[in-house]
Amino acid sequence: MKSLRTGFPKDFLWGGAVAACQIEGAYDVDGRGLSTSDIHLYDKNQDRSNIEKEGGGTLVEIKKAMNDKDGYYPKRYGIDFYHTYKDDLKYLQEMGFKAFRTSISWSRIFPNGDEETPNEKGLRFYDNLIDEIIKDGMVPIVTMSHYDIPLHLVTEYGGFANKKVSDFFVKYAKVLIEHFKGRVKYWIVCNQVNLIPNVQFGSLGIYDDQVEPKKMEELMYQAVHNQFVACARIKEISKNIDPNAVLGTMIADGTLYPATCKPEDIVMTMKKNRMQYFFTDVQLRGEYPLYALQYFNEHNIHLDISVEDERLLKENTLEFLAVSYYYTRICDSTKNSMKPFDGEQNPYLEPTPWEWRADPLGLYNTLSQLTDRYDGIPLMIAENGLGALDTVEEDGKIHDEYRIDYLRKHIKQLKKAIIDGANVFAYLSWGPIDIVSSSTAEMSKRYGYVYVDIDDFGKGTRQRLKKDSFYWYKHVIETNGKEL
């Protein structure tokens, strides 16, 4: 008989997560090329509560942004982690982090993406960064592609919709696995592989006028398929290069609840949630499920899937599932479509300025559903946190009880899920040091335990300040989640 669980495993990986494109800066240093994140213009007049797409634009708009000298592009500058990483990591070491997730900027290794040889200065930076993470007592968890596609691969090739870009990605990944063998065990191949069409530009490298609108959905799913195959090829290669490397996939949780108990709402919600599982079904089970193939047939979506593609997917399933979790929404069959992430706000949940309505119970639900579906597959919380408008008080302190409250409630539900059988081995809260927002390209949407004095236009002292949540999360780690 199985032993009952009482809490978090003794070797549980507590930590935090960032992305190179939101933290590093130094976009034009040491040979780095422009990436998809570097043309995300900050718009002070944007509607925070209704961000339909993250960056990108038409091909003309993209090329214009590449040469724009007047607009402010915050992700080009981040918090200058490229130069401050040693000092910044000390804060995480002081908190007792067991793991730190970051990404490698593809355009720092291959500036255009199609070069024959990698940029040695880029590799040297990540040598130093990863060595520092390990020296500070943390397990490095590294994402290969996190909205950092070399812009040249978009403008000249059309992103992952072109299979040549998959070849370039496999070559890049092979360099990473060879170069960091023995230092990086956990690799997330593609960040939030299901986050379309919201981040079709950063994730897939597809621009707005690449095809006529009625063909865009087909193009996106073809690009996703090409990513799937690239991930499988990378897994196949890694077996020979570094058998100890563990490769996983990642999704942004978009689990929906039915708006009512009306059967139409319940069935449509089930179908929309199932199309979220499609991404993980392919990468963890190794084949396209019939419900997805039927969806493609009904919507006149024709994918180029070869026999060799099917072999690669079947023989090279990924080994863990990373999940980002922030909020939930509801599905109303009279208002919503089958478009991914198309849902309504839940009237039972409290809003934030960004309309990301916190739902701690939803985390328990999500982890339980994934555990039931993928029994035995290790799970990782790769992102979770509260973006908020923090204020530095007159005493120079940041009293962020609202963040502590959010995290406490979510970690409690995580603990319940683990006790009930969820195989979760890591919890990585998002943005432990304030970074540029992915969705809105602003600094004022802050997640960190450490405040960074930079405003939405890049002005400030760059000073780092510990928030109240710093000391709270430190104690959570010290007690392995027993005291929240």
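Residues numbered from 1 in each chain as written. Predicted model: local features only at pLDDT ≥ 70, side-chain atom pairs only at ≥ 80, totals over all residues. Heavy atoms only, no water.

## Some points on the environment of Arg48
Its place among the elements puts Arg48 in the loop between α1 (20-23) and α2 (59-66). Separated by 30 residues in sequence, Arg48 and Gly78 place their C-alpha atoms 20 Å apart. Beyond its immediate sequence surroundings of up to four residues, Arg48 is in contact with Pro353, Trp354, Leu389, Glu442 and Ser444. Polar contacts involving the side chain of Arg48 include one to the side chain of Ser444, which spans 3.3 Å. (Helix = DSSP H or I, 4+ residues; strand = E, 2+ residues; numbered from the N terminus. Contact = heavy atoms within 4.5 Å. Polar contact = N/O pair within 3.5 Å; in protein donor to acceptor, adjacent residues only side chain to side chain.)

## Quick word on the nonpolar core
Membership of the largest hydrophobic core comes to 149 residues, with the highest contact counts inside it found for Trp187, Phe278 and Tyr473. Top element by residues in this core is helix α9 (residues 216-241). It accounts for 13 residues. In this structure Tyr473 touches Trp14, Gly15, Met95, Phe97, Ile411, Tyr427, Ser429 and Tyr449, once residues within four positions along its chain are discounted. (Core = buried A, V, L, I, M, F, W, Y, C linked by side-chain atoms within 4.5 Å. Buried < 20%, exposed > 50% of the residue type's maximum accessible area, 1.4 Å probe, protein only.)

## Quick look at the pairing of strand β4 (residues 186-190)
Where burial is concerned, most of β4 is hidden: five out of the five residues are buried. In the sheet, strand β3 (residues 139-145) pairs with β4 via four bridges, with the strands oriented parallel. Paired with Val142 across the bridge in β4 is Trp187. Pairing between β4 and strand β5 (residues 246-252): three bridges, direction parallel. By the bridge assignment for β5, Trp187 is matched with Leu247. (Pairing = 2+ DSSP bridges.)

## What to know about the packing of aromatic side chains
Here the structure, examined in full by the defined rule, presents 42 aromatic pairs. Plain terms: the ring middles of Phe160 and Phe169 are 5.6 Å apart, the flat faces sit at 85° to each other, and that makes the pair edge-to-face. Judged on exposure class, the residue Phe160 and its partner Phe169 are both buried. When the centroid spacing of 5.7 Å and the interplanar angle of 45° are considered together, the rings of Phe278 and Tyr288 count as tilted. (Phe/Tyr/Trp six-rings, centres within 6.5 Å; stacked < 30°, edge-to-face > 60°.)

## As for helix α7 (residues 163-179)
Here α7 contains 17 residues, and its C-alpha end-to-end distance of 25 Å stays within 8% of the 24 Å for a straight helix at 1.5 Å per residue. All of the buried residues along α7 are Val165, Ser166, Phe168, Phe169, Val170, Tyr172, Ala173, Val175, Leu176 and Ile177. The secondary structure elements touched by the buried residues of α7 are α4 (106-109), α5 (120-135), β3, α6 (151-155), β4 and α9. At the N-terminal end of α7, a side-chain oxygen is found 2.9 Å from the backbone nitrogen of Lys164, two or three residues along, and the residue is Asn162. (Expected span 1.5 Å × (residues − 1).)

## Digging into the pattern of salt bridges
What the rule picks out here adds up to 33 salt bridges. The residue Arg373 makes a salt bridge to Asp281 at a minimum N-O spacing of 2.8 Å. With a gap of 92 residues between them, Arg373 in helix α13 (residues 360-373) and Asp281 in helix α10 (residues 263-285) connect regions that are remote in the sequence. Arg373 sits in the partly exposed class, given a relative accessible area of 24%. A salt bridge links Arg403 to Asp400; its shortest N-O distance comes to 2.8 Å. As far as burial versus exposure is concerned, Arg403 and Asp400 are alike and both buried. One network of salt bridges, with partners in common, ties together Asp390, Asp400, Arg403, Asp434, Arg446 and Lys467. (Salt bridge = Lys/Arg side-chain N within 4 Å of Asp/Glu carboxyl O.)

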